[in-house]
Amino acid sequence: MDQYAIKGGNPLVGEVEIGGAKNAALPILAASVMTDETVYIDNMPDVRDTNVLLKAMANIGVMQKRTGRHSVTLNAGNINSLVVEDDNIKKIRASYYLIGAMLGKYKHAEVALPGGCDIGCRAIDQHIKGFRALGAEVIIEYGLIKTKAEKLVGSHIYMDCVSVGATINVMMAATLAEGTTIIENAAKEPHVVDLANFLNSMGANIKGAGTDVIRIKGVEKLHGTEYTVIPDQIEAGTFMFAAAVTKGDIVVKNVIPKHLESIVAKLIEIGCEVEEADDWMRVVATKRLKTTHVKTLPYPGFPTDMQPQIAVALGLSQGTSIVTDTIFENRFKYVDELIRMGANIKVEGTTAIIDGVEKYTGATISAPDLRAGAALVLGALSAEGYSVIEDIHYIERGYEDFPQKLQSLGAQIELIESERDLQKFKLKIG
Ligand code: UD1
C-alpha cells in the first residue's frame, strides 16, 4: 500500500500552481451528458475522483478523448445505458450528479447510491425532494437511486438546508424542465456558480447562481461548448496553510482571490502576512501562530473542507482555540492521529478544543479522509523527525501531484511502498 514518508521541519518556500477545482469539475463532467453535441473541458484536475467519474461515463457510452492531462472532449450522443452501477462509482460522492444530469436529459436515471468520505451522515433527502418537486418519481431499490418522469415541470423549491450537492443536482434537472424553477436557500459555493456558467454556455438560462435564490428557465435542449474549470479553492487553501504551519513563504498561483476571502481572514488572524494580486496570493509566516475560533459554514463562510487544515495550524498556536464544524458531524477523525504527533486536542461533539503545543513530533499516522489526510501531511511537514502517512489513496482523490508540488517547495516527502523504501528515504535525507 502506498504511503508518504516525510521528514518535517523545513519551512516551505516557493511558488505552486493550483489546479482546477475538483468539486466544480465533477458536476461539469456529469452535466456534459446533457447534450448530444461535443463538449470540451479544460483545467480539469487529474485526480482519482474525476477519473472514476470519467470511467463510469465511458461505461455508459460517453465518448471521451483526453486531449491533454487537463483537458478532455466528451460526446454523449450515443449513450447506451441510463443505469450507472460500476463498483468504483459507489466510492465517490459526485456519482449522484449523473442523476440530475440524466434525469434532465432523458427523464430517467438509475445510479448507485453515492459514497465519498465518511465525514458524517450525508443525507440526500433534499436532492430527492427537488427531483420530486419537478415531477419525477424517485425510489431507492437494490442500492440504486431510480428516478423517472413523463416530463419535468419547473417548480418553487425551498431547500431545508444549504446543500451544494442538492442545489447542483436540482439545477441540472431543472435546466431541461418545462417552465421556471426557483431554488430558495441555494448553496452559493464557487463550484455552484461554475456549473451554472457551464450550463449557460451550453444554452441554459440560469440566473442568480452565487446568491441564495437561483432561477432556472427551462430550455428544450443544450448544445456543445468549450469551458475552463475554475481554480481549486481548497487546494489553494491547503498550500496557504502549509506556509502557516511550516513558517514558510508560499505563493499560490492561478487562484481567484475572492474565493479565498474567509481563508485569508483566518490566516491574518493567526498572524500570517498575506499579499494578494489578481491571480496569485502569497502567505508568509515568521512567528509562532496565534489562536482563533473557527466555525465552518456554507460559502462565503469558512469551508468545512479547510477545517482539518486550520485545526492542524491552531494545534501549534500559543493558547486555546475552538473549532466547530456545523456542516458535518464526523469530521474530527484526524484528531486521534494528530494526538500521536503530540497535539493537545479534545473533541466534544462537533467542537474541538485545541490547546496549542510548541511543536509536533513525527509519527506513523493514517489519513481518515481526503481533507483530513492533507491536513495530517501538513502536520508531518511541520513536525520534528520522520512521519509515515498511511491510506494516502484518500488524499489522491482530490490533490493532484501532492508530494511533487510539496517537494518543489522544499518539502522532504516521498511516495513509498514498503519498509525498505522508508529506510532508503531515511538514508537519502539523513
Ligand atoms: C460538497 C463537497 C464537499 C464539501 C461539502 C460542503 C463535492 C463533491 N463535495 O459535499 O467537499 O465538504 O459540499 O461544502 O462537491 N444535507 C442534507 N440533505 C441533503 C443534502 C445535504 O441534510 O439532501 C446536509 C449534509 O448532511 C450536510 C450539509 O447538508 O450536513 C451539507 O452537505 P452538502 O452541501 O450537500 O455536501 P456535499 O454536496 O455532499
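Residues numbered from 1 in each chain as written. Predicted model: local features only at pLDDT ≥ 70, side-chain atom pairs only at ≥ 80, totals over all residues. Heavy atoms only, no water.

Engineer: Now, about the environment of Ile256: what can you tell me, with residues and values included?
Structural biologist: If you trace the backbone, Ile256 turns up in the loop between strand E15 (249–253) and helix H8 (261–269). Judged by relative accessible area, which is 31%, Ile256 ranks as partly exposed. Expressed as a C-alpha distance, the spacing of Ile256 and Asp278, which sit 22 residues apart in the sequence, is 7.4 Å. Among residues more than four places away in sequence, those in contact with Ile256 are Ile230 and Pro231. (Helix = DSSP H or I, 4+ residues; strand = E, 2+ residues; numbered from the N terminus. Buried < 20%, exposed > 50% of the residue type's maximum accessible area, 1.4 Å probe, protein only. Contact = heavy atoms within 4.5 Å.)

Engineer: Go over the domain arrangement of the chain with me, naming the residues and quoting the values.
Structural biologist: Domain annotation of the chain identifies domain 1 (3–19 + 231–429) and domain 2 (22–228). For domain 1 versus domain 2, the distance between C-alpha centres works out to 31 Å. The interface of domain 1 with domain 2 comprises 25 residues on the first partner and 25 residues on the second. Contact between domain 1 and domain 2 buries roughly 2000 Å² in total, counting both sides, with carbon and sulfur atoms accounting for 49%. (Domains from an automatic or database assignment. Buried area = accessible area lost by both parts, 1.4 Å probe.)

Engineer: Quick one: what's the story with the pairing of strand E23 (residues 386–390), residue by residue and with numbers?
Structural biologist: Alignment of strand E1 (residues 3–7) against E23, held across four bridges, turns out to be antiparallel. The partner of Ile6 across the bridge, within E23, is Ser387. Here three bridges tie strand E22 (residues 364–366) to E23, and the two strands are oriented parallel to one another. Note that in E23 the partner of Ser366 across the bridge is Glu390. For the crossover that starts at E22, traverses helix H11 (residues 370–382) and ends in the parallel E23, the hand is right-handed. (Pairing = 2+ DSSP bridges. Right-handed = clockwise from strand over helix to strand, strands pointing away.)

Engineer: Could you give an account of the pattern of salt bridges, naming the residues involved and the relevant values?
Structural biologist: On inspection of all chains with the given rule, the structure shows 22 salt bridges. Here Lys359 and Glu384 are joined by a salt bridge, their closest N and O atoms 3.3 Å apart. In this pair, Lys359 sits in the loop between strand E21 (351–355) and E22 while Glu384 sits in the loop between H11 and E23, placing the two residues 25 residues apart along the sequence. For Glu384, a relative accessible area of 49% gives the class partly exposed. Among the charged side chains, a salt-bridge network with shared partners connects Asp46, Arg66, Arg69, Glu400 and Asp401. (Salt bridge = Lys/Arg side-chain N within 4 Å of Asp/Glu carboxyl O.)

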